[in-house]
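Each chain is listed here by its residues.
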Amino acid sequence: MAGEVSSKAPPLSPAESIATMKVQPGYRVVPVLTEPDISEPVAAVWDGNGRMYVVEMRTYMQDIDGKNQLKPTSRVSRHEDTNDDGVYDKHTVFADNLSLPRMVLPLLDRVIIGETNTLDLKSYQDTDDDGVADKVEMWCERGRVGNNLEHQTSGLIWNIDNWLYATYTHERIRFTNGKVVREPMPHGSGQWGLTHDDVGRIYYSTAGGENPAMDFQRPIIYGKLALKGEQAPGFREVFPIDNVPDVQGGLKRVRDDNSLTVFTACCGQSVYRGNQMPADFNGDLLIPEPVGRLVRRAKATNDQGRIVLSNAYDQAEFIAATDPNFRPVNSATGPDGCLYLVDMYRGIIQEGNWVRKGSYLRGVVQEYELEKNVGRGRIFRIDHETTRRGPQPRMLDETPGQLVAHLSHANGWWRSEAQKLIVLHGDRAVVPALQEMAVSNSNPLARLHALWTLEGLDSVTAEVLKKAFADADWRVRSAAVRVAEPLLAVDRSLDADVVLLSKDSQPDVLIQTMLSVGRGQHPAADQIINQIVSANRDNEAIAGLSDQIAANRAAALAEQRKLDEMRRRNRELAESVERGAKTYKTLCTECHGPDGKGQHSPELKDVVLAPPLAGSARVRGHKERLARILLHGLVGPVDEKTYAAGLMLPMGAHDDEWIADVANFVRNQWGNESPIVSPADVARIRDTSKRRIGPWTLSELEFYAPAEMDRSLWKLSASHNSGSLTLAIDGNAKTRWDTKTVQKPGMWFAVEFAEPQRVMSLLLESKASPKDYPRGYTVEVSVDGKNWSAPVAKGTGDGPNINIELDLPDPIRHLRITQTGKAPKLYWSIHELTIQGKAPGEKPAESMAQVLADADPSELAAEARELGNAKAGAVLFFNPAMTCANCHEPASGPRLAPDLAAKREGVSDRFLVEAVLHPSKEIRKEFAQELVLTVDGTTVMGFKDSESDDVLVLRDPASGKLIEVAQDDIEFTKTGTVSAMPAGLVNPLSNRQQFLDLIRFLMEIDGRGSEYLKSMSEGLR
């Protein structure tokens, strides 16, 4: 907190800040944890003993440019109320040296934490009970990400269905029998924070989309479902009482009095599930809005199966403040039954991307000096005048049998925590007690939790389900049909009950039955769904959802049928596609989009982060090109367009199967259909391109995009019907060559080229005779037409278009396709034969890095000083396609490479040339990477961030991700000899002159300081 503060918006004490708040009558705001014990809090959760874990983003926007945000000095702290006065008085740093942690979930004997720029989840355990985690392990490894930190996965909640959900992901996670299970979802949603109500309904929100509540009608596992009127008219309008217009959307988002008009930073929502507020508060949705300095209380009304949200107050908010530093970013129901609010309490709330030089928002921030107010934070409890705080739990000290009783607790936090802990214990001795509670407890919420707890223990029986189907409370009936989904396809003893559910009087039960019979693949699903829709045409929710349910179900079934058919035709390809789907949906959707069309920036709708993959010639074309992109990366424009994500990082660190799986998924999704890429293919391409320097540009990859060969000089021959040979290459898809007899092994069709050719692929097309494709095939090649090779390709025909990719190291003159299958009633026909390749003399274009690799650095330096244009070099340096400024001079976020305008010892003209062309030749000590080999053979590399007797912490230079390696696991370490800057980043340059211009720019700014560099960059970013 030390340092200068704003004179225009000075920080206030907690009491002074509360005094600026307008709180609805009967309620009051009570500070329970404040600075200096916490700093920059963004989330708070509790473990089974009521200890609070606070996520502290201590490096978030500590200056107006957001420098060093990924520096690993953030933490998760733990706090206890030792005297039960409602104020937390015992504080420990549970997990330190983190990079902007964003997810925390206490389990039974550990806490799961996720950080920024990675989807990995780690387990932190305090084995000696001193409040500090001393054992850290990978809990769920999912890979790194690197987009804007405001738009990464957050939330991580254990829902009533025993699955873990988060935002910005198309998968959910389950911890079963000591193992983490990941399951793809058809839809992902949300931005910062998510919450669920008593029945497990999840509420998402998106600040970028200015939508405070979304995707809450039904569980997201069934796909995207929404209804007209789910937000009452005017629900998104907000009513703040402050007048600081620091809104990313600019003046169009403020009134004449400078107050915010609509939600623009909605986040950290929670459903109140406690027992210390008035009864009408239960189930209300609390939505913090930090830009508006307010908290919305929304009523969730069930209108015949449609959930409708409305403001609880007429043109007013539950809490609003005039204090410019009041920044509510999260909320939660606590173990004591009270409502809690996390106040980040700071000046700037938006990330540096939105406070760039020249932006409207930067001007406002500077006017009010908001960038000076950092390093504080408060957690408040919201009391009602009737509040009597509940007792502190001791669930971690209780047995599963004792925990069962808490499933009927009046506070929803207790019910959910008890269910989670029982499932984690995995002790099935409690099953009889849970069965009894599920069918006979007087509290319907106890019956609901008991049913889901049985599901979590894999102990649901048909007998319990049948009783739950007939439960007096619709919430239990609705849950029962969902729990029954795994049995609906196979257990016919449930059919009569399902029929009764399809005639239920409660719309929510009917809607859930429609969803469950579809997802559970009940054999009469279509009939049941149609009956429900037909009998309830006047119900707006059922009518509004039925088409969406049908569309989602049809899409899911189509995907499954496609995968099944693929598995029937080529099991190896299908299994590879399934593996690749998991990787893609975890790592790639944030830039390329779930539909493969390219993900739009959440704030800048006209900006696409990465090129589309659906229909892409680079994806559907020869595997040689796509494999090289995955292995080495891609830099520069794509189809004359520069994308916001810039450089596609190389994935070559992954093994051959991983690369092949990702390639097969994108090549066979969204209408793409291409032959299998095998791990052996990747291994071969990896080997043949091992001398490659740096990422590819598309122009360089043209060599691996084969062109259609001229057919006019081909000589054709065949085992059958030689009189019709030319009909296979006449350009008319309606004419054909065929065998004039049924398919038998040994039939062949051959081509002789006029000159040797480098053949890369061939297409056998027979759409006009769709069943006449070869049931099996081999391809042999020859130089002289006499001595034939072993098969260079073989496979099973699976349709009228058969695309065969070849890997031929040398030119050939003869090619023969042999039919190897049987089709007793069908000819073998070829309507059009297309062969693609390259002339034998063609060679891959040399990259700029390769062209300059052997040049004398001193000569290049002298040439650059004489002929280079520094201004032209500046244009290149700040061009997003070059990616130079992304690391050396980022517009926001941390600097990941040296400050090139600073005074540095030993920098000469020659040094600058060598540093660009050969970045690993001389590595400055502060940017040298540490190479670590672990006892299990794993190699990791990064900048050494910190080291203790127990752990070595490395920082990944590309993403800022921290990598922790236990000292006991280290075989040896050594200073790496490979620079964090990839070689070959000059490859997008068009010619030698551009290289000289870039070097001349580096010469010009060397040692002249940041202000001179700013003058050189004006108008370029």
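What you are looking at is a predicted structure, and each value in this text was computed from that prediction instead of being measured.

**Description of the overall build of the chain**
Helix and strand content of the chain: 26 helices and 40 strands. Rg of the C-alpha trace for the chain: 32 Å, near the compact-globule value of 31 Å for 1021 residues, within the 12% margin. For the C-alpha atoms alone, the extent of the chain along its principal axes is close to 95 × 80 × 60 Å. Relative to its 1021 residues, the chain shows a buried fraction of 57%. In the chain, the share of contacts with a sequence separation of at least 24, taken over all contacts with a separation of at least 6, comes to 67%.

**Examining the pattern of salt bridges**
Scanning the model with the defined rule gives 76 salt bridges in all. For the salt bridge of Asp473 with Arg475, the shortest nitrogen-to-oxygen distance reads 2.9 Å. Judged by its relative accessible area of 13%, Asp473 falls in the buried class. Salt-bridge contacts for Arg1000 lead to Glu1004; the nearest nitrogen and oxygen are separated by 3.3 Å. Placement of both Arg1000 and Glu1004 in helix 25 (residues 992-1005) is noted, with a separation of 4 residues, approximately one turn of the helix. For Arg1000, a relative accessible area of 16% gives the class buried. What emerges from the salt-bridge pattern is a single network uniting Asp161, Arg172, Glu183, Arg482, Glu485 and Arg519.

**Thoughts on the sheet that holds strand 4 (residues 52-56)**
Taken together, the 4 strands give an open sheet; going across it, the order is 3-4-5-6, and neighbouring strands pair in antiparallel fashion. Of all strands in the sheet, those with a lone pairing partner are strand 3 (41-46) and strand 6 (90-98), marking the two edges. The average undirected angle you get between the axes of adjacent strands in this sheet is 20°. Where strand 4 meets strand 5 (residues 74-80), 5 bridges bridge the pair, whose relative direction is antiparallel. Opposite Met52, over in strand 5, you have His79 as the bridge partner.

**Re helix 25**
In a regular helix each residue adds 1.5 Å, so 14 residues correspond to 20 Å; helix 25 covers 21 Å between its end C-alpha atoms and thus fits that length. Within helix 25, 11 of the 14 residues are buried, which leaves the element mostly enclosed by the surrounding structure. Among the residues of helix 25, Phe995, Leu996, Asp997, Leu998, Ile999, Arg1000, Phe1001, Leu1002, Met1003, Glu1004 and Ile1005 are the ones counted as buried. Taken together, the buried residues of helix 25 touch helix 20 (848-852), helix 21 (857-867), helix 22 (870-877), helix 24 (909-917) and helix 26 (1009-1017). Sitting at the head of helix 25, Asn991 places a side-chain oxygen 3.2 Å from the backbone nitrogen of Gln993. A positive backbone phi angle near 75° is found at Gly1007, which sits one or two residues after helix 25.

**A few points about the sheet that holds strand 8 (residues 111-114)**
Read across the open sheet, the 4 strands follow the order 7-8-9-10; overall the sheet is antiparallel. Strands with a single pairing partner mark the edges of an open sheet, and in this sheet they are strand 7 (103-106) and strand 10 (135-140). Neighbour-to-neighbour, the strand axes of this sheet turn through a mean angle of 25°, independent of strand direction. For strand 9 (residues 121-125) and strand 10, the ladder comprises 5 bridges, and the chain directions are antiparallel. Counted as the bridge partner of Tyr124 is Val136 from strand 10.

**Points about the nonpolar core**
What tends to happen in soluble globular proteins is that the nonpolar side chains get buried as a cluster. One finds Met52, Trp139, Tyr165 and Ile379 to be the most contacted residues of the largest nonpolar core, which totals 148 residues. If we skip the residues at most four places from it in the chain, Tyr165 touches Gly155, Leu156, Ile157, Asn159, Arg172, Met185, Leu194, Ile202, Tyr204, Ile220 and Arg482. Within the second largest apolar cluster, 33 residues are counted, among which are Leu852, Phe877, Leu912 and Val913.

**Some details on unusual backbone geometry**
Between Glu35 and the following residue, Pro36, the backbone shows a cis peptide bond with an omega angle of 10°. For Asn68, which is not glycine, the phi dihedral falls at a positive 55°. As for its position among the elements, Asn68 is in the loop between strand 4 and strand 5. Note on Asn68: relative accessible area 45%, which makes it partly exposed. Residues other than glycine seldom take positive phi values, yet Asp129 does so here, at roughly 60°. By secondary structure assignment, the location of Asp129 is in the loop between strand 9 and strand 10. With relative accessibility at 59%, the residue Asp129 sits in the exposed group.

**Remarks on the packing of helix 11 (residues 507-519) against helix 12 (residues 525-535)**
Contact geometry of helix 11 with helix 12 gives a least axis separation of 9 Å together with a crossing angle of 160°. The angle between the axes of helix 11 and helix 12 places the two elements in the roughly antiparallel class. Considering only the axes of helix 11 and helix 12, their crossing is left-handed. Contacts between helix 11 and helix 12 involve Leu510, Thr513, Met514, Val517 and Gly518 from the first element and Ala525, Ile528, Ile529, Ile532 and Val533 from the second. Its residues assigned to classes, the contact of helix 11 with helix 12 comprises 8 nonpolar, 2 polar and no charged.

**Digging into the packing of aromatic side chains**
For any pair of aromatic rings, the description consists of the separation of the ring centres together with the inter-plane angle of the planes. Across all of its chains, the model carries 21 aromatic pairs by this definition. Taken together, the ring pairs in this structure connect Tyr27, Tyr272, Phe281, Tyr313 and Phe318 into an aromatic cluster.

**Here we look at the pairing of strand 29 (residues 747-765)**
In terms of strand pairing, strand 27 (residues 715-718) meets strand 29 through 4 bridges, oriented antiparallel. What sits directly across from Lys715, in strand 29, is Glu752. Here 7 bridges tie strand 29 to strand 33 (residues 812-819), and the two strands are oriented antiparallel to one another. The residue bridging Ala750 from the neighbouring strand is Arg816, located in strand 33. Relative to strand 35 (residues 832-838), strand 29 is paired through 7 bridges, and the arrangement is antiparallel. Bridging from a neighbouring strand, Glu765 pairs with Glu832 of strand 35. Of the strand pairs in this sheet, strand 29 and strand 32 (residues 801-805) are connected by 5 bridges, and their pairing is antiparallel. Residue pairing for strand 32: Leu764 is matched across the bridge by Ile802.

**Comments concerning the pairing of strand 9**
Across the 5 residues that make up strand 9, a large majority, 5, are buried. Inspection of the sheet shows strand 8 paired to strand 9 by 4 bridges, in the antiparallel sense. Within strand 9, the residue paired with Val111 across the bridge is Tyr124. In sequence, strand 8 turns back onto strand 9 through a hairpin of 6 residues, with Asn117 there showing a positive phi of about 70°.

**Let's talk about the packing of helix 8 (residues 474-483) against helix 11**
The axes of two packed helices give the description: the angle between them and the distance between them. At their nearest, the axes of helix 8 and helix 11 sit 9 Å apart, and the two run at 5° to each other. The pairing of helix 8 with helix 11 is recorded here as roughly parallel in orientation. On helix 11, the residues that touch Trp474, Arg477, Ser478, Val481 and Arg482 of helix 8 are Asp508, Val509, Gln512, Thr513 and Ser516. Partitioning the contact of helix 8 with helix 11 into residue classes produces 3 nonpolar, 4 polar and 3 charged.

**Quick notes on the environment of Pro840**
With respect to the element layout, Pro840 can be found in the loop between strand 35 and helix 20. Judged by relative accessible area, Pro840 falls into the partly exposed class, the value being 43%. Sequence separation between Pro840 and Asp810 is 30 residues, and the spatial gap between their C-alpha atoms is 8.1 Å. Non-local contacts of Pro840, meaning those with residues more than four positions away in its chain, are made with Pro756, Gln757 and Pro811.

Parameters at a glance
Residues numbered from 1 in each chain as written. Predicted model: local features only at pLDDT ≥ 70, side-chain atom pairs only at ≥ 80, totals over all residues. Heavy atoms only, no water. Helix = DSSP H or I, 4+ residues; strand = E, 2+ residues; numbered from the N terminus. Rg over C-alpha atoms; globule rule 2.2 N^0.38 Å. Buried < 20%, exposed > 50% of the residue type's maximum accessible area, 1.4 Å probe, protein only. Contact = heavy atoms within 4.5 Å. Salt bridge = Lys/Arg side-chain N within 4 Å of Asp/Glu carboxyl O. Pairing = 2+ DSSP bridges. Axes fitted to C-alpha atoms, helices over the stretch in contact; angles between N-to-C directions. Expected span 1.5 Å × (residues − 1). Polar contact = N/O pair within 3.5 Å; in protein donor to acceptor, adjacent residues only side chain to side chain. Core = buried A, V, L, I, M, F, W, Y, C linked by side-chain atoms within 4.5 Å. Parallel < 35°, antiparallel > 145°, perpendicular 65-115°, else oblique. Left-handed = near helix turned anticlockwise from the far one by under 90°. Nonpolar A, V, L, I, M, F, W, Y, C, P; charged D, E, K, R; others polar. Phe/Tyr/Trp six-rings, centres within 6.5 Å; stacked < 30°, edge-to-face > 60°.

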